[in-house]
Amino acid sequence: YDFARALADAVSGSKLETGAIKALLMANPEQTKSLYSAADRTRQTGVGDEVHLRAIIEFSNYCRKNCLYCGLRRDNKSIARYRLSLDEILTTATEAVALGFRTVVLQSGEDLYYTPEDIARLVYSIKNKHDVAITLSLGEHRRENYRLWREAGADRYLLKHETANPELFRFLKPDTTFETRLRCLHWLKELDYQTGSGNMVGLPGQDLDTLARDVALLRDLDVEMAGVGPFLPHYATPLKDAAAGDPELTLKTLAVTRLCLPGAHLPATTALCTLATDGRKLALNAGANVIMPNLTPLDVRRQYQIYPQKSDMTEKPLETLTSIKKLLAGLARPLATSHGHAPKFTGGM
Ligand code: 5AD
Ligand code: SF4
């Protein structure tokens, strides 16, 4: 596959084969510029210039799983574990709404301390009190739980597939299988959630063919959201000595994902900002249209260490907002004021 031909096909909206996706991912520095500007134009026609903010609340860092790459894995005894009470989560959500956020993302490790009914009541209370969209990011659960939470008012669900290589998936996530992951994603779609997935770039053992399959999978699932971030080695995991993902390859993957999913919401991921100080800006110019500021209460935020040196460990919500507004003004990108539902869930943009 030839880069120029693959790019022309992508821009015209043709469904790309994984070989063509791979050719785009292999862009040389000169070609990379045209890849990013094509992704930027597709972003503009697909979802417009507005940037959507999603307030993320990491309410528990307990996890029953033992993923090899993640600092929250159950075998990591070196972090202090915390859980916010349902009241504390509600208060934090209220704070986010007061700051102007129209989406709250509730994220945690896979923590069975909260019952399915607890989560449902929490979702219901937030929706009852505020005009806000709710995204859940709670990992793999039974279909009936997903249904209960949807009925309680949850709008969206994030469940990254992490890697489209089933063997690599099995190695990195010994508690589950790729098949289980895909089944969960299909349930979420059936239950009419706006569904998000995504993957890490630069995982040990990942090659460009796998990465091309990651992008093809996101396209084939027709996800409403996709998070693409670099792998970052965490010192208290079995992958501590592995190399970090390459920021440039991460940006290319983001750009190709945009070309394949013109209408999706794609965040400038925190992991990318951790690797590159101007990561947010670079991502917003290569296809991204979402920023997910961290609103986790500052006294526990450090303990939610999925990967080290997360870039948002100490910033107060208001400071974060101020710096985002400055960045967006510089890029001539307006801050969205709507809930930022996926275009196909609102009947247009
Ligand atoms: N490096 C980068 N991203 C990671 N995640 C988890 N561990 C790491 C890591 N070491 C990402 C996964 C997960 C999300 C919550 O964080 O993609 O879905
Ligand atoms: Fe738990 Fe998710 Fe981390 Fe895996 S990636 S250990 S499921 S928090």
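Structure's up top.
Residues numbered from 1 in each chain as written. Chains lettered and ligands numbered in written order. Predicted model: local features only at pLDDT ≥ 70, side-chain atom pairs only at ≥ 80, totals over all residues. Heavy atoms only, no water.

Asker: Got a minute to help me understand the nonpolar core in this structure?
Answerer: As a rule of thumb, soluble globular proteins bury nonpolar side chains together. In terms of nonpolar packing, the biggest core is built from 102 residues, with L24, L35, L106 and L136 touching the most fellow members. Filtering out sequence-adjacent residues up to four positions away, L106 remains in contact with I57, F59, I89, L122, I126, I134, T135, L136, S137 and L138. By size, the runner-up hydrophobic cluster in this structure holds six residues, among which are I56, L158, M225 and M292. (Core = buried A, V, L, I, M, F, W, Y, C linked by side-chain atoms within 4.5 Å. Buried < 20%, exposed > 50% of the residue type's maximum accessible area, 1.4 Å probe, protein only. Contact = heavy atoms within 4.5 Å.)

Asker: I'm lost on the site of ligand 1 in this one. Help?
Answerer: Taken together, Y69, C70, K160, E162, M200, P230, F231, L232, I306 and Y307 make up the full set of residues adjacent to ligand 1. Relative to its unbound accessible surface of 400 Å², ligand 1 loses 87% to contact with the protein. For the shell around ligand 1, the per-class residue count stands at eight nonpolar, no polar and two charged. (Near = heavy atom within 4 Å. Areas by Shrake-Rupley, 256 points an atom, 1.4 Å probe, with all protein chains shown as cover. Nonpolar A, V, L, I, M, F, W, Y, C, P; charged D, E, K, R; others polar.)

Asker: Explanation requested: the site of ligand 2 in the structure shown.
Answerer: Surrounding ligand 2, one finds C63, K65, C67, Y69, C70, L72, R73, G109 and K173. Residues belonging to the shell around ligand 2 are distributed by class as follows: five nonpolar, one polar and three charged.

Asker: How should unusual backbone geometry be read in this particular structure?
Answerer: Glycine aside, residues mostly have negative phi, and peptide bonds are mostly found in the trans state. Not every positive phi belongs to a glycine, and E162 is a case in point at roughly 70°. Its location among the elements puts E162 in the loop between strand 5 (156-158) and helix 7 (166-172). Judged by relative accessible area, which is 11%, E162 ranks as buried. Phi at D222 takes a positive value of approximately 55°, unusual for a residue other than glycine. Residue D222 is classed as partly exposed on the basis of its relative accessible area, which comes to 38%. (Helix = DSSP H or I, 4+ residues; strand = E, 2+ residues; numbered from the N terminus.)

Functional significance is not addressed by these values, which are geometric in nature.
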